[in-house]
Amino acid sequence: MEPLLGVLLGLILAAASSAQNNCTCATNKWTVCAQGGSGNCSCTLVGSNHSVDCSTLTSKCLLMRAERSPLKEKRCRDHPWGLLDNDGIYNPDCEDSGVFKARQCDQSGTCWCVNTAGVRRTETGDKSLSCGELVRTSRIYIQLKHKKRSSAFDVPDVANALKDLLESRYKLHPKYITAVKYNSPFIQIRLNQHDSEKSRCDVDIADVAYYFEKDVNDDSVFQSNSTLTVSVNGDALDIEKIRIYYVDEKPPEFCMRQLAAGVSAVVTVVTLTAGFGIAVLVILRWLRTRKYRKFEINEMGEIRAPSSQ
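Presented here is an overview of the structure given in this document. (Residues numbered from 1 in each chain as written. Predicted model: local features only at pLDDT ≥ 70, side-chain atom pairs only at ≥ 80, totals over all residues. Heavy atoms only, no water.)

## Structural notes on the pairing of strand 1 (residues 31-35)
Each regular strand displays side chains that alternate between the two surfaces of the sheet.
And step 1. Relative to strand 2 (residues 41-45), strand 1 runs antiparallel, the two sharing five bridges. Across the sheet, residue Val32 finds its bridge partner in strand 2, namely Thr44.
And step 2. Count of turn residues in the strand 1/strand 2 antiparallel hairpin: five residues, of which Gly39 carries a positive phi of about 95°. (Pairing = 2+ DSSP bridges. Helix = DSSP H or I, 4+ residues; strand = E, 2+ residues; numbered from the N terminus.)

Structure below.
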């Protein structure tokens, strides 16, 4: 009887262990998941108790916070290739909903205003800086470049492959994909999303762009952490470069001081260059005149020499 109870206990423990192992967040590797008493799997972000909906993408703001948590540093020490160059990247403040707070500040007390993609859109200031609203990033242009190949892909095939990728992997509704342009080896994806047309269930185009950029740079946010593969009619579309441009519903609020300083610097350089050029021309003209006068004096000396005899 005892051996039978041991076998049953082993089977129960194995089943519990298997269920626990299956409790993961497919769309976010920066989560801690646990199996509840009812059998439900619940996940929270690394470094916080913020609950995560693993059926969709996690917001860019929450991801940036999780990626810069102490636990990430511990994980990256186990995997040296996971280290990132974080120059110019900050640890953001997020609303409870997961969106960026309109004003962001660093540890030195320098503050600035951001858009819904977390990109700075104003001059920096101190903590007295006021950001009236979180301005919506309504358009995103994703510039791609694929590796060289013997022949270009067909434009419709590239467009269909990338649209399918955005819909299936990143759960983006096709109505937000306004265009996919291709001129080998360059690709441009245009996303357009206004607040008036975005429902609560729709993923944000800024989150899609962040996930996509991470995938291209081999730092996937997905739990599988697998390398991004894009196929165009059976041929691999190897993306080697990505650049993302953000366009807000309102123009950025950078003051004219930066522009004035830049124009002043350009004017100074042009003035110095022109002055140097004029100085060189004057010196060359002087040298040429001096040489001519010397030649004239020598010639006059030769003419006067016979008369003195």
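## With respect to the side chain of Asp204
And step 1. Tracing the sequence through the fold places Asp204 in the loop between strand 7 (186-192) and helix 5 (205-216).
And step 2. Taking the relative accessible area as the measure of exposure, Asp204 reaches 12% and is therefore buried.
And step 3. A distance of 2.8 Å separates polar atoms of two side chains, one belonging to Asp204 and the other to Arg136.
And step 4. Aside from chain neighbours lying at most four places away, what touches Asp204 is Arg136, Gln193 and Lys198. (Buried < 20%, exposed > 50% of the residue type's maximum accessible area, 1.4 Å probe, protein only. Polar contact = N/O pair within 3.5 Å; in protein donor to acceptor, adjacent residues only side chain to side chain. Contact = heavy atoms within 4.5 Å.)

## Considering the sheet that holds strand 5 (residues 137-146)
And step 1. Taken in spatial order, the four strands of this open sheet run 6-7-5-10, and their pairing is antiparallel. Of all the strands in the sheet, just strand 6 (177-183) and strand 10 (239-248) have a single pairing partner and so form its edges. Across this sheet, the average inter-strand angle for adjacent strands is 15°, counted without regard to direction.
And step 2. Here helix 5 sits on the sheet in contact with strand 5, strand 7 and strand 10, set at roughly 20° to strand 5. (Axes fitted to C-alpha atoms, helices over the stretch in contact; angles between N-to-C directions.)

## As for the state of the cysteines
And step 1. Enumeration according to the criterion identifies six disulfides in this entry.
And step 2. Across the disulfide from Cys61 sits Cys94; the S-S distance is 2.0 Å. When the S-S torsion is -100°, as for the bridge of Cys61 with Cys94, the disulfide is left-handed. Highlighted residues: Cys61 in helix 2 (residues 60-67) and Cys94 in the loop between helix 3 (70-78) and strand 3 (103-105), separated in sequence by 33 residues.
And step 3. Exposure remark for Cys94: the relative accessible area of 16% places this residue in the buried category. (Disulfide = S-S within 2.5 Å.)

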